[in-house]
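Single-letter residue listing:
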Amino acid sequence: MKVTAFIRKTAKKNDVSSVATIYFRLRDGKKDIKTASELTINPNHWSAEKQGYKDRVALVQESDKLALNNHIRNIVSLINANYTSEADSDWLSETLERYHHPQRFKTEEEIAAETKPLFIPLFDEFLEKHKLSEVRKKNYRVVKRGLQRYELYVRATKRGQKKFVLNVDDVTSDMLRDIWDFFENEYVYCEEYPAIYESIPEARTPQPRGRNTLLDCFSRIRTFFYWCKDNKRTTNTPFDDFPLEECTYGTPYYITIDERNKIYHTNLSRHPQLAIQRDIFVFQCLIGCRVGDLIKMTKSCIINGAIEYIPRKTKEGRPLTVRVPLNDTALEIVERYKQCEGDKLLPFISEQKYNVSIKRIFKAAGLKRLVTVINPTTREEEKKVLYEIASSHLARRTFVGNLYKQVKDPNLVGALSGHKEGSRAFARYREIDEEMKKELVNLLS
């Protein structure tokens, strides 16, 4: 079997503008097949003996001569390597087509394997395909915007990185440490590089992030890498050398039943709007839901003297219906606002205004008890006045803490609070106080 290259066109002696197509011919016994390639040459530059450029050709760059000659040799080698006795003219045409346009013949898997997976587009795909509640997607998007700003920061500050983009194959543990540093100091960088924050803005100016917040951000990035590996988008596992520690939380604090009742009976007649929010807070203390679920509650959630709802955190996974019987105080509050506009259960306001109102309510009720908290930025203990740190989530902790103090059964309390069985988060809502310790020790008497 023999393969040769040839041309069919001739040109006048001084003609340097004509172009001839280069053909390839395969001969094997009686088999003689030919096909055109996409290579061309001026006929006066062609050497039939060398099957390429003549030795001395003016007006043609040496690199161009070398490139064409290499293409011819490569095609001849390809034909020789893949030839079988069944080869025909169609096979020869396809062989040249594969040489000139290899992408046309690659599978989706081969193309994907050759393409560097960019981080941000993959992150968008992860958010679209991975089962996440809307609340969690919102939190992941905050991380995504932070990573987009990191790309801009690297381009602006590091030499030779003006076209830097993240991709999952190139992220290393050292790069994760660099991203950590960026996230930790972003509140400084936003003043030094305002253009970055004009390109990828946030609803509010970046604030100092505590270690728990950073760990939470990076646990989401780690989850994204797990998804990429499970879906064969990368084999890169940078978190193998970047372990994440557990978040550190202070001793859970909540208000007692007496303090809750004190709030409920505080005279707020001079502040009627504040009195409404006080009633809503007390109602939340009595059903233990998250504020996002509270705001969405309607009159139809009341069924046979109990409130029924599906927590937003469980809607995307295994939907869990939580049913909490309403005590006399809760029923009294519901009755008080039964004429509330539309189908809303209570006259809710925005979460932000609700939290501001709660602090004012606590101060009006004289709740000045000092509590020990962990500073989220410094991780040091601090003493705070209760009304300074009161928020809607305190209502949920109050529900869980006071119930647990009575029944001491996390699964029973979790059935009312919406915590799944064995939830590690549950421990952040209740405290083993001194009275409970004494009761346990007395069991040994």
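Thresholds, definitions, all that
- In this convention, every chain numbers its residues from 1, walking through the sequence in written order.
- Totals for whole chains, interfaces and linings use every residue, but because this is a predicted model, local features are given only for residues with pLDDT of at least 70 and side-chain atom pairs only at 80 or more, for both listing and counting.
- Only hydrogens and water are removed before side-chain values are computed, so all heavy atoms of the structure are retained for them.
- Under the DSSP-based scheme used, a helix requires at least four consecutive residues in state H or I and a strand at least two consecutive residues in state E, with every element numbered from the N terminus.
- For every accessible area listed, the method is Shrake-Rupley and the probe measures 1.4 Å; residues are considered covered only by the protein chains on display.
- All axes are obtained by fitting lines to C-alpha atoms, using only the stretch in contact for helices, and the reported angles, taken between N-to-C directions, cover 0 to 180 degrees.
- With respect to orientation, any angle under 35 degrees is reported as roughly parallel, any angle over 145 as roughly antiparallel, any angle of 65 to 115 as roughly perpendicular, and every other angle as oblique.
- Contact definition: two residues touch when any of their heavy atoms are within 4.5 Å.
- When residues are sorted by character, Ala, Val, Leu, Ile, Met, Phe, Trp, Tyr, Cys and Pro go into the nonpolar class, Asp, Glu, Lys and Arg into the charged class, and all the rest, Gly among them, into the polar class.
- Two rings from Phe, Tyr or Trp (for Trp, the six-membered ring) form a pair when their centres are within 6.5 Å of each other. A pair whose planes differ by under 30 degrees is stacked, one over 60 is edge-to-face, and the rest are tilted.
- Here's how the labels work: a residue is buried when its accessible area is under 20% of the maximum for its type, exposed when over 50%, partly exposed in between, all with a 1.4 Å probe on protein chains only.
- Criterion used throughout: strands pair if DSSP finds at least two bridges between them.
- For the purposes of this section, nonpolar cores are sets of buried Ala, Val, Leu, Ile, Met, Phe, Trp, Tyr and Cys residues that join through side-chain atoms within 4.5 Å.
- Just to be clear on terms, a salt bridge is a Lys or Arg side-chain nitrogen sitting within 4 Å of an Asp or Glu carboxyl oxygen.
- Side-chain atoms alone can form a polar contact between residues adjacent in sequence; in general such a contact is a pair of N or O atoms within 3.5 Å, and within protein one must be able to donate a hydrogen while the other accepts it.
- Expected helix span is taken as 1.5 Å per residue step, with the number of steps being one fewer than the number of residues.
- To obtain the arc, one takes the directions from the helix axis to the C-beta atoms.
- In a left-handed crossing the near helix is turned counterclockwise from the far helix by less than a right angle, and in a right-handed crossing that turn is clockwise.

S.K.: Can you lay out the overall build of the chain for me, pointing to particular residues and giving the numbers?
M.R.: From N to C terminus, the chain includes 18 helices and 10 strands. As presented, the chain carries roughly 26400 Å² of accessible surface, and 48% of it is formed by carbon and sulfur atoms.

S.K.: Go over the packing of helix H4 (residues 119-129) against helix H5 (residues 134-157) with me, naming the residues and quoting the values.
M.R.: If you want to describe how two helices pack, look at the angle between their axes and the distance between the axes. One can describe the packing of H4 onto H5 by two numbers: an axis separation of 11 Å at closest approach and a directional angle of 175°. In terms of their interaxial angle, H4 and H5 are classed as roughly antiparallel. On H5, the residues touching Phe119, Ile120, Phe123, Asp124, Phe126 and Leu127 of H4 are Lys137, Tyr140, Arg141, Lys144, Leu147, Gln148 and Glu151. Of the residues that constitute the contact of H4 with H5, the class distribution is seven nonpolar, one polar and five charged.

S.K.: An account of the packing of aromatic side chains is requested, with residue identities and associated values reported.
M.R.: For the structure on display, the rule yields 26 aromatic pairs. Ring geometry for Phe119 and Phe224: centres 4.8 Å apart, planes at 50°, overall tilted. With a gap of 105 residues between them, Phe119 in helix H4 and Phe224 in helix H9 (residues 211-230) connect regions that are remote in the sequence. By relative accessible area, which is 0% here, Phe224 ends up buried.

S.K.: Kindly report on the sheet that holds strand S3 (residues 31-41), identifying the contributing residues and their values.
M.R.: Read across the open sheet, the three strands follow the order S1-S2-S3; overall the sheet is antiparallel. Of all the strands in the sheet, just strand S1 (2-7) and S3 have a single pairing partner and so form its edges. Ignoring strand direction, the axes of neighbouring strands in this sheet form an average angle of 25°. Of the strand pairs in this sheet, S1 and strand S2 (residues 20-28) are connected by six bridges, and their pairing is antiparallel. Bridging across to S2, Phe6 finds its partner in Tyr23. In the packing of helix H1 (residues 62-82) onto the sheet, contacts are made with S1, S2 and S3, and the angle to S2 comes to roughly 25°. Across the sheet, helix H2 (residues 89-100) lies against S2 and S3, angled at about 25° from S3, the strand it touches most.

S.K.: Please provide a residue-by-residue account of the sheet that holds strand S8 (residues 322-325), values included.
M.R.: A sheet is described by the order of its strands in space; here three strands give the open sequence S6-S7-S8, paired in antiparallel fashion. At either margin of the open sheet sits one strand with a lone partner, and together these are strand S6 (302-303) and S8. Pairing between S6 and strand S7 (residues 306-309): two bridges, direction antiparallel. In the sheet register, Ile303 faces S7, and the bridge partner there is Ala306.

S.K.: Please provide a residue-by-residue account of the nonpolar core, values included.
M.R.: Phe283 and Phe362 are the most contacted members of the largest nonpolar core, which has 50 residues in total. At 10 residues, the largest contribution of residues to this core is made by helix H11 (residues 272-287). If we ignore the near neighbours within four places in the chain, the residues touching Phe362 are Ile255, Ile263, Phe281, Leu367, Leu386, Tyr387, Ala390 and Leu394. Ile120, Phe123, Phe164 and Cys217 belong to the second largest nonpolar core, which has 39 residues in total.

S.K.: Just give me the short version of the pattern of salt bridges, but keep the residues and values in it.
M.R.: For side chains bearing opposite charge, pairing can occur when the charged atoms are close. Taken as a whole and assessed by the stated rule, the structure comprises 26 salt bridges. Across the salt bridge formed by Arg145 and Glu202, the nearest N and O atoms sit 2.9 Å from each other. Placement of the pair is Arg145 in helix H5 and Glu202 in the loop between helix H8 (194-199) and H9, with a sequence separation of 57 residues. Salt bridges sharing common partners tie together Arg145, Arg149, Glu186, Glu202 and Arg209.

S.K.: How would you sum up the side chain of Thr35? Please name residues and give values.
M.R.: By the element assignment, Thr35 lies in strand S3. Among the residues examined, Thr35 registers a relative accessible area of 10% and is labelled buried. One polar contact links Thr35 to Ser93, side chain to side chain, over a distance of 3.0 Å. Residues in contact with Thr35, not counting those within four places in the same chain, are Tyr23, Phe24, Leu92, Ser93 and Leu96.

S.K.: How would you explain the environment of Phe348 if you had to name every residue and give the values?
M.R.: Mapping Phe348 onto the fold places it in the loop between helix H13 (328-336) and helix H14 (351-364). Accessibility expressed as a relative area gives 11% for Phe348, which makes it buried. Linking Phe348 and Met297, residues 51 residues apart in sequence, is a C-alpha distance of 9.6 Å. Leaving out residues up to four positions away in the same chain, Phe348 has contacts with Ile280, Leu294, Ile295 and Met297.

S.K.: Describe helix H6 (residues 173-184), with residues and values.
M.R.: Counted at 1.5 Å a residue, the expected span for H6 with its 12 residues is 16 Å, and the 16 Å between its end C-alpha atoms agrees. For H6, the full list of buried residues reads Ser173, Met175, Leu176, Ile179, Trp180, Phe182 and Phe183. Here the buried residues of H6 occupy an arc of 165° about the axis, which is enough to place them on one side.

S.K.: Break down the side chain of His45 for me, citing the residues and quoting the values.
M.R.: Counting through the fold element by element, His45 comes out in the loop between S3 and strand S4 (46-47). The residues contacting His45, other than those within four sequence positions of it, are Gly52, Tyr53, Lys54, Val57, Ala58 and Val60.

S.K.: So, the environment of Pro311: which residues are in play, and what are the values?
M.R.: The residue Pro311 is located in the loop between S7 and S8 in this model. Linking Pro311 and Arg290, residues 21 residues apart in sequence, is a C-alpha distance of 7.9 Å. Apart from residues no more than four positions distant in its own chain, Pro311 is found in contact with Arg290, Asp293, Leu320 and Val322.

S.K.: Kindly report on the packing of H6 against H9, identifying the contributing residues and their values.
M.R.: With their axes 11 Å apart at the nearest point, H6 and H9 run at an angle of 135° to one another. Our classification of the angle between H6 and H9 gives oblique. For the pair H6 and H9, the sense of crossing is right-handed. Taken together, the residues of H9 that come into contact with H6 (itself represented by Leu176, Ile179, Trp180, Phe183 and Glu184) are Arg211, Leu214, Leu215, Cys217 and Phe218. A per-class count over the contact of H6 with H9 returns eight nonpolar, no polar and two charged.

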